[in-house]
Amino acid sequence: MKRKSELVVPLLFLAAAPLAVYSVQRVFLHTPNERTMGTAFKIFFFHVPMGWLCMLMAVISGVAAYVQLRRRSRTAAAVALASAEIGFLGGLGVMLTGPIWGHATWGTPWTGDARQVTTALLWLVIAAYLLLRHFGQHASERLAAALAIFGAVNVPLIYYAVKLWKTTHPTTGVVAKLPPEMWATFWPGLGALLLVSFGLFAIRARQLVLAGELDDAYVRLEDSRA
């Protein structure tokens, strides 16, 4: 059983490779330009999946942080940190591609609309959480967990921002309205990103759990020598 579980991560990466190649070549070679945005619309196929990844990982991190607070679970702490790290990278991709798309589409990289602000807030919250987890004292664990939970609560606000406020962002139903040739590009790319992300997440979470067990073993060894 253990050997089978060890094969899961390589299989995730192997499944992601052809999907990623297929999606990228479709973006640049086979997907038509959007009527109003032209070539700039191709950023959509990278920007949106990374945004979804960031929000998904923020929710996972928040839920795991809550479990960590309730049960003092090392596994939950590892899951919260690993998912936050993946979410931070996804958010970084969003923060880099968004202004490029915005400048090409709206004439400015930043309009200050609700979705931009709430997304930037989520990314900063994740960054603050990571700083506390990596460099904070042991007493800061509760504050770090509270930040992760706040980030998870912020995710629905990001999703509904275009409905609650007047924004320059497309509506939440834009993906469902894509023509078939764009659907055939979007979903394989999203699938490849998720497969790679969950593979990295599994590796990182396992690494964090093992590091904690190693620390415990070292403390027991030092205590036995005292």
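Residues numbered from 1 in each chain as written. Predicted model: local features only at pLDDT ≥ 70, side-chain atom pairs only at ≥ 80, totals over all residues. Heavy atoms only, no water.

The name given to the chain in an unreviewed UniProt entry is Heme exporter protein C, and the organism recorded there is Nannocystis punicea. For the chain, the Subcellular location (unreviewed entry) comment in UniProt is given as "Membrane". (UniProt positions renumbered as here; feature names shortened; annotations may be inferred.)

Chemist: Give a detailed account of the UniProt feature "transmembrane region" (unreviewed entry) in the chain, specifying residues and quantitative values.
Modeler: Per the UniProt annotation, the sites labelled "transmembrane region" (unreviewed entry) are residues 43–67, 79–102, 114–132, 144–162 and 182–203. For the annotated span residues 79–102, helix accounts for 100% and strand for 0% of the residues, and the straight-line distance between the end C-alpha atoms is 33 Å. (Helix = DSSP H or I, 4+ residues; strand = E, 2+ residues; numbered from the N terminus.)

Chemist: Mind laying out unusual backbone geometry, listing which residues take part and the relevant values?
Modeler: Residues other than glycine seldom take positive phi values, yet Arg72 does so here, at roughly 55°. Structurally, Arg72 is set in the loop between α3 (44–71) and α4 (74–106).

Chemist: Give a description of the UniProt feature "domain: Cytochrome c assembly protein" (unreviewed entry) in the chain that names residues and reports values.
Modeler: The UniProt record marks residues 30–167 with the feature "domain: Cytochrome c assembly protein" (unreviewed entry), using the residue numbering of this structure. The straight-line gap between the two end C-alpha atoms of residues 30–167 is 30 Å; of that span, 78% is helix and 0% is strand.

Chemist: Go over the packing of α3 against helix α5 (residues 114–135) with me, naming the residues and quoting the values.
Modeler: Put simply, α3 and α5 touch, their axes get as near as 11 Å, and they point 45° apart. Relative to α5, the element α3 is oriented oblique. As α3 runs across α5, the sense of the crossing is left-handed. On the side of α3, the interface is formed by Cys54, Met55, Ala58, Ser61 and Gln68, while α5 contributes Leu122, Ile126, Tyr129 and Arg133. Its residues assigned to classes, the contact of α3 with α5 comprises 6 nonpolar, 2 polar and 1 charged. (Axes fitted to C-alpha atoms, helices over the stretch in contact; angles between N-to-C directions. Parallel < 35°, antiparallel > 145°, perpendicular 65-115°, else oblique. Left-handed = near helix turned anticlockwise from the far one by under 90°. Contact = heavy atoms within 4.5 Å. Nonpolar A, V, L, I, M, F, W, Y, C, P; charged D, E, K, R; others polar.)

Chemist: An account of the pattern of salt bridges is needed here, citing residue identities and associated values.
Modeler: Under the criterion given, the structure shown has 3 salt bridges. For the salt bridge of Glu141 with Arg72, the shortest nitrogen-to-oxygen distance reads 3.6 Å. Within this pair, whereas Glu141 is found in helix α6 (residues 141–164), its partner Arg72 is found in the loop between α3 and α4, the two being separated by 69 residues in sequence. You can call Glu141 partly exposed: its relative accessible area is 26%. The salt bridge partner of Asp216 is Arg74, with a shortest N-O separation of 2.6 Å. (Salt bridge = Lys/Arg side-chain N within 4 Å of Asp/Glu carboxyl O. Buried < 20%, exposed > 50% of the residue type's maximum accessible area, 1.4 Å probe, protein only.)

Chemist: Give a detailed account of α3, specifying residues and quantitative values.
Modeler: With 28 residues, α3 should reach 40 Å at 1.5 Å per residue; the first-to-last C-alpha distance of 40 Å fits that figure. Positive phi appears at Arg72, one or two residues downstream of α3, with a value of about 55°. (Expected span 1.5 Å × (residues − 1).)

Chemist: Hey, could you go over a nonpolar patch on the surface for me, with residue numbers and the actual values?
Modeler: Together, Leu157, Tyr159, Tyr160, Leu164 and Trp165 make up a nonpolar patch on the protein surface, roughly 500 Å² of accessible area in all. In this structure, Trp165 sits in the loop between α6 and α7 (180–225). For Trp165, a relative accessible area of 42% gives the class partly exposed. (Patch = residues over 30% accessible without salt bridge, like charges linked within 9 Å, V, L, I, M, F, W, Y side chains within 5 Å. Areas by Shrake-Rupley, 256 points an atom, 1.4 Å probe, with all protein chains shown as cover.)

Chemist: Any chance you could break down the nonpolar core for me, citing the residues and the numbers?
Modeler: Judged by nonpolar contacts, the single largest core of 26 residues is most densely connected at Leu122, Ile126, Tyr129 and Leu130. Among the secondary structure elements, those contributing two or more residues to this core are α3, α4, α5, α6 and α7. For this core, the element with the highest residue contribution is α3, accounting for 7 residues. With residues up to four places along the chain from it excluded, the contact list for Ile126 reads Cys54, Ala58, Ala84, Gly87 and Phe88. (Core = buried A, V, L, I, M, F, W, Y, C linked by side-chain atoms within 4.5 Å.)

Chemist: An account of empty space enclosed by the protein is requested, with residue identities and associated values reported.
Modeler: The gaps of empty space that remain are located by a probe, the size of a water molecule, rolled over the atoms. Per the counting criterion, the structure on display carries 1 cavity of 30 Å³ or more. Its boundaries defined by the atoms lining it, the largest cavity holds a volume of some 60 Å³. What lines the largest cavity is simply Ala58, Ser61, Ala84, Leu122, Val125, Ile126, Tyr129, Leu147, Ala148, Gly151 and Ala152. Listing elements by their share of the lining of the largest cavity, those giving two or more residues are α3, α5 and α6. Looking at side-chain class alone, the lining of the largest cavity contains 9 nonpolar, 2 polar and no charged residues. (1 Å grid on protein atoms, 1.4 Å probe; cavity = no way out; pocket = protein on both sides within 12 Å on 5 of 7 lines; lining within 4 Å. Points joined across faces, edges and corners; volume = space filled by probe spheres on them.)

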